[in-house]
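Take a look at the letters that make up each chain.
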Amino acid sequence: MKAVGLYKYLAIHEANSLLDLELPKPSPAGREILVRVQAIAVNPVDTKMRAPQDKVEESPRILGWDAAGVVEDVGQDVSLFRPGDEVFYAGSFIRPGCNCEFHLVDERIAGGKPESLDFVHAAALPLTSITAWEALFDRLGIDPDGADHARHLLVIGGAGGVGSVAVQFAKQVADLTVTATASRPESQTWCRELGADYIINHYLDIPAQVNELGIDGYDYILCLNDTDEHWQAMAAVIVPQGRICSIVETAALVDLGALKSKSATFAWEFMFTRSMYETDDMIEQHRLLDRVAALVDEGKIRTTVNRVLEPINAKNLKTAHAEIESHHTIGKIVLNGWGTA
Ligand SMILES: NC(=O)c1ccc[n+]([C@@H]2O[C@H](COP(=O)([O-])OP(=O)(O)OC[C@H]3O[C@@H](n4cnc5c(N)ncnc54)[C@H](OP(=O)(O)O)[C@@H]3O)[C@@H](O)[C@H]2O)c1
């Protein structure tokens, strides 16, 4: 089967940073499904995993944690899917990624592809949807049925992959009042189109801009970029007893003391936790993806694809990685099909 992978961890412009490979087709066992991958999306985790280091792999490392495709075969314990089913999923951080023609994934973390979307538009959604859903509804404790209607949420990094679904979930599912941050006219327009009520710029003084909007503070803050840089601003604009969730690791220790007088809660979200530790509730990600697919098919949530490259090969994947490393992509970059050669 075709695959794209690496032996050495190199800067993306290096000739061998990503390579076109031919690998054996794997076979499913237990609760694994074997998926014929039709489209993949690219995430910052791919570029972080590829970041330059001295290590050299003996067998190729395959990256990629967003795919849509067709179930080709199933392990003996699979009960949720059968061959021919169309699926979308992110996969597991501690297993080979999906930048390959045939990929194994545990059925408990895959969902049925939205029927109204093709593979390209479906592949954009799984990783960011799982992240945004778990962050908003599990970590921040927002009611997914609208009981927190009109409460204020600040999304830092609203136009990125995760922000693009988080803003939609917050508006269309939870019915919150959403402020999103975006620094450029095109990313600001994108956030407005996804439903954000207010836009502020993450490179300017956040508390001052919130004050200008006349907002007294945020019940919830979702930090999707540079937790270190935004920490003090978040502490300033969270309401007493409010909740903050970040998905981005910090370079320095965070000053939890800054939240004490407000009794504010801080929570991490890592969307690979359930699959990495094989938690008892791992199947929640299957249910979550099915719920997202239903929301898409009902027309409540839209895909976040903003650029499509064809086919899936090292050259196009290098283009996508380089764009992600610019830190200014809007929505998602998707690669489609394996070409004919
Ligand atoms: N913990 C988890 O489970 C998890 C899951 C997914 C992603 N992540 C991490 O979360 C981060 C975001 O992921 P993503 O896929 O949304 O990234 P992305 O699509 O690459 O994000 C790009 C966006 O970031 C915005 N941005 C750039 N600098 C910023 C800053 N200093 N403050 C706020 N926003 C800024 C840009 O907006 P402008 O162009 O308007 O400046 C751009 O729209 C990455 O670090 C990723 O590794 C973690």
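Located above this text is the structure these notes cover.
Residues numbered from 1 in each chain as written. Predicted model: local features only at pLDDT ≥ 70, side-chain atom pairs only at ≥ 80, totals over all residues. Heavy atoms only, no water.

(A) Focus on the sheet that holds strand β1 (residues 2-9). Judged by pairing direction, the sheet is antiparallel, and its 3 strands sit side by side in the order β2-β1-β4 without closing on themselves. Looking at the sheet topology across the chains shown, the edges are occupied by β2 (19-22) and β4 (53-62). Strand-to-strand twist in this sheet, taken as the mean axis angle between neighbours without regard to direction, amounts to 40°. Sheet topology places β1 next to β2; 4 bridges connect them, and they run antiparallel. Across the sheet, Lys2 pairs through a bridge with Glu22, a residue of β2. (Pairing = 2+ DSSP bridges. Helix = DSSP H or I, 4+ residues; strand = E, 2+ residues; numbered from the N terminus. Axes fitted to C-alpha atoms, helices over the stretch in contact; angles between N-to-C directions.)

(B) Here's a closer look at the packing of aromatic side chains. Scanning the entire structure with this criterion turns up 9 aromatic pairs. Ring geometry for Trp65 versus Phe93: centroids 6.5 Å apart, planes at 45°, classification tilted. Here Phe93 lies in the loop between β6 (86-89) and β7 (102-106) and Trp65 lies in the loop between β4 and β5 (67-74), a separation of 28 residues in the sequence. When its relative accessible area of 21% is taken as the criterion, Phe93 is described as partly exposed. Through successive ring pairs, a cluster of aromatic residues spans Trp65, Phe93, Phe270 and Phe272. The ring centre of Phe102 lies 4.4 Å from the NZ or CZ of Lys25, which sits over that ring. Residue placement shows Arg302 over the ring face of Trp190; its charged tip is 5.6 Å from the ring centre. (Phe/Tyr/Trp six-rings, centres within 6.5 Å; stacked < 30°, edge-to-face > 60°. Buried < 20%, exposed > 50% of the residue type's maximum accessible area, 1.4 Å probe, protein only. Lys NZ or Arg CZ within 6 Å of the ring centre and 35° of its normal.)

(C) Structural view of unusual backbone geometry. Of note, the amide linkage connecting Glu310 to Pro311 takes the cis form, showing an omega dihedral of -10°. Structurally, the position occupied by Pro311 is in the loop between β15 (305-309) and α10 (314-324). One non-glycine residue with positive phi stands out, namely Ser263, at about 45°. Within the secondary structure layout, Ser263 lies in the loop between β13 (238-246) and β14 (265-268). Judged by relative accessible area, which is 53%, Ser263 ranks as exposed.

(D) Focus on the packing of helix α3 (residues 126-139) against helix α9 (residues 284-297). For the pair α3 and α9, interaxial distance at closest approach is 10 Å and the crossing angle is 105°. By the criterion of interaxial angle, the relationship of α3 to α9 is roughly perpendicular. Contacts from Pro126, Ser129, Ile130, Trp133 and Glu134 in α3 reach Gln285, Leu288, Leu289, Arg291, Val292 and Leu295 in α9. A per-class count over the contact of α3 with α9 returns 7 nonpolar, 2 polar and 2 charged. (Parallel < 35°, antiparallel > 145°, perpendicular 65-115°, else oblique. Contact = heavy atoms within 4.5 Å. Nonpolar A, V, L, I, M, F, W, Y, C, P; charged D, E, K, R; others polar.)

(E) Representation of the environment of Pro207. Locating Pro207 in the fold gives a position in helix α6 (residues 206-213). A sequence separation of 120 residues divides Pro207 from His327, and the C-alpha atoms of the two residues are 23 Å apart. Excluding residues that lie within four positions of it along the chain, Pro207 makes contacts with Ala233, Ala236 and Val237.

(F) Inspection of the environment of Gly84 at higher detail. Position of Gly84 relative to the elements: it lies in the loop between β5 and β6. C-alpha of Gly84 to C-alpha of Glu72: the two residues are 12 residues apart in sequence and 6.4 Å apart in space. When near neighbours in sequence (up to four residues on either side) are disregarded, Gly84 contacts Val70 and Val71.

(G) Representation of the site of the ligand. Around the ligand, the surrounding shell holds 28 residues, and the nearest of these are Lys48, Ser183, Ser187, Met271 and His328. A distance of 2.9 Å separates a nitrogen atom of the ligand from a polar backbone atom of Ile247. Calculation on the ligand without its partners gives an accessible area of 940 Å², and the protein chains cover 92% of this total. Breaking the shell around the ligand down by element, the ones donating at least two residues are α1 (44-50), α3, α4 (161-173) and α7 (227-237). The residue makeup of the shell around the ligand, split by class, is 12 nonpolar, 12 polar and 4 charged. Mapped onto the domain boundaries, the shell around the ligand takes at least three residues apiece from domain 1 (2-125 + 273-336) and domain 2 (130-268). (Near = heavy atom within 4 Å. Polar contact = N/O pair within 3.5 Å; in protein donor to acceptor, adjacent residues only side chain to side chain. Areas by Shrake-Rupley, 256 points an atom, 1.4 Å probe, with all protein chains shown as cover. Domains from an automatic or database assignment.)

Read these as layout, nothing more, since geometry by itself doesn't imply function.
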